[in-house]
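Architecture and fold: a report
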Amino acid sequence: MGNGQEAVDFLSEADNVATIAAVLMDVQMPVMDGFEATRRIRSQLGLKDLPVIAMTANAMKGDRDTYIAAGMNDYVAKPVDFDQLIKVINQNVPTKKLEM
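The structure reproduced in this document is the subject of the present report. (Residues numbered from 1 in each chain as written. Predicted model: local features only at pLDDT ≥ 70, side-chain atom pairs only at ≥ 80, totals over all residues. Heavy atoms only, no water.)

1. Some words on the pairing of strand β3 (residues 74-77)
Here is the rule we go by: For two strands to be treated as a pair, DSSP must find at least two bridges joining them. Each helix is a run of DSSP H or I of at least 4 residues and each strand a run of E of at least 2, with the numbering of both proceeding from the N terminus. With the strands pointing away from the viewer, any crossover whose connection runs clockwise from the first strand over the helix to the second is right-handed.
Pairing of strand β2 (residues 52-56) with β3, which is carried by four bridges, proceeds in the parallel orientation. Across the sheet, residue I53 finds its bridge partner in β3, namely D74. In this fold, the crossover linking β2 to β3 by way of helix α4 (residues 63-69) has right-handed handedness.

2. Examining the layout of surface pockets
Over the atoms, a rolling probe the size of a water molecule traces out where space has been left empty. Test applied: Lining residues are those with an atom within 4 Å of a point, where the points come from a 1 Å grid over the protein atoms alone and group into cavities, where a 1.4 Å probe fits but cannot get out, or pockets, open sets with protein on both sides within 12 Å along at least five of seven lines. Grid points are joined across faces, edges and corners, and a volume is the space filled by probe spheres set on the points. Ten residues, namely Ala, Val, Leu, Ile, Met, Phe, Trp, Tyr, Cys and Pro, are considered nonpolar, four, namely Asp, Glu, Lys and Arg, are considered charged, and the remaining ones, Gly among them, are considered polar.
Space inside the largest pocket adds up to approximately 180 Å³. Every residue lining the largest pocket is listed: M1, A7, F10, L11, I20, A22, V23, L24, M25, D26 and M29. Of all the secondary-structure elements, those providing two or more residues to the lining of the largest pocket are α1 (4-11) and β1 (23-26). Sorting elements by how many residues they give to the lining of the largest pocket places β1 first, with four residues. Within the lining of the largest pocket, the residues separate by chemical class into 10 nonpolar, no polar and one charged.

3. Examining the pattern of salt bridges
The test is simple: Salt bridges are identified by distance alone: a Lys or Arg side-chain nitrogen within 4 Å of an Asp or Glu carboxyl oxygen. Note on exposure labels: buried denotes an accessible area under 20% of the residue type's maximum, exposed denotes more than 50%, and partly exposed covers the range between, all computed with a 1.4 Å probe on protein chains only.
Within the structure shown, the criterion is met by four salt bridges. Note that K78 is salt-bridged to D26, the shortest N-O span being 3.1 Å. With K78 in the loop between β3 and α5 (82-92) and D26 in strand β1, this residue pair connects regions lying 52 residues apart in the sequence. K78 gets classed as partly exposed once you look at its relative accessible area, which sits at 34%. When its relative accessible area of 25% is taken as the criterion, D26 is described as partly exposed.

4. Regarding unusual backbone geometry
Residue P79 is bonded to the preceding K78 through a cis peptide linkage, with omega at -5 degrees. Secondary-structure assignment places P79 in the loop between β3 and α5. We note that V31 has phi near 70 degrees; this positive angle belongs to a residue other than glycine. You can see V31 is positioned in the loop between β1 and α3 (34-42). Of the residues examined, V31 reaches a relative accessible area of 72% and is grouped as exposed.

5. Focus on the packing of α1 against α3
The condition is simple: Here an angle of 0 to 180 degrees is reported between the N-to-C directions of two axes, which are lines fitted to C-alpha atoms, with helices fitted over the stretch in contact. Every angle not falling under 35 degrees, over 145, or within 65 to 115 is termed oblique; those three ranges are roughly parallel, roughly antiparallel and roughly perpendicular. Take the far helix as the reference: if the near one is turned anticlockwise from it by less than a right angle, the crossing is left-handed, and if turned clockwise, right-handed. Contacts between residues were defined by any pair of non-hydrogen atoms, one from each residue, lying within 4.5 Å.
The contact between α1 and α3 brings their axes to 8 Å, and the two run at 15 degrees. Classified by the angle between their axes, α1 and α3 sit roughly parallel to one another. In this structure, α1 crosses over α3, and the sense of that crossing is right-handed. Residues G4, Q5, V8 and L11 of α1 pack against A37, R40 and I41 of α3. Its residues assigned to classes, the contact of α1 with α3 shows four nonpolar, two polar and one charged.

If you want it as structure tokens, here you go:
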């Protein structure tokens, strides 16, 4: 997806939601940023249990709290470390264990 609005639109269709185990959400995007997209996924679409993992270059101390407060489950810093990404996905989607 190219922006948050596309993610919200995609997830608004029930058939699409059934195929998604988690959302990797870029925080800074055009049209609609990751914060607003996550708020809409949670409130407008009612997808409170769908894991949303922020992906961002903003990885300073305390930033995680900002992402959690916005409704995201966790975050991965950019540039993405593949092992860390797998770890975070496994922590947030326990029924779908990924291995390298």
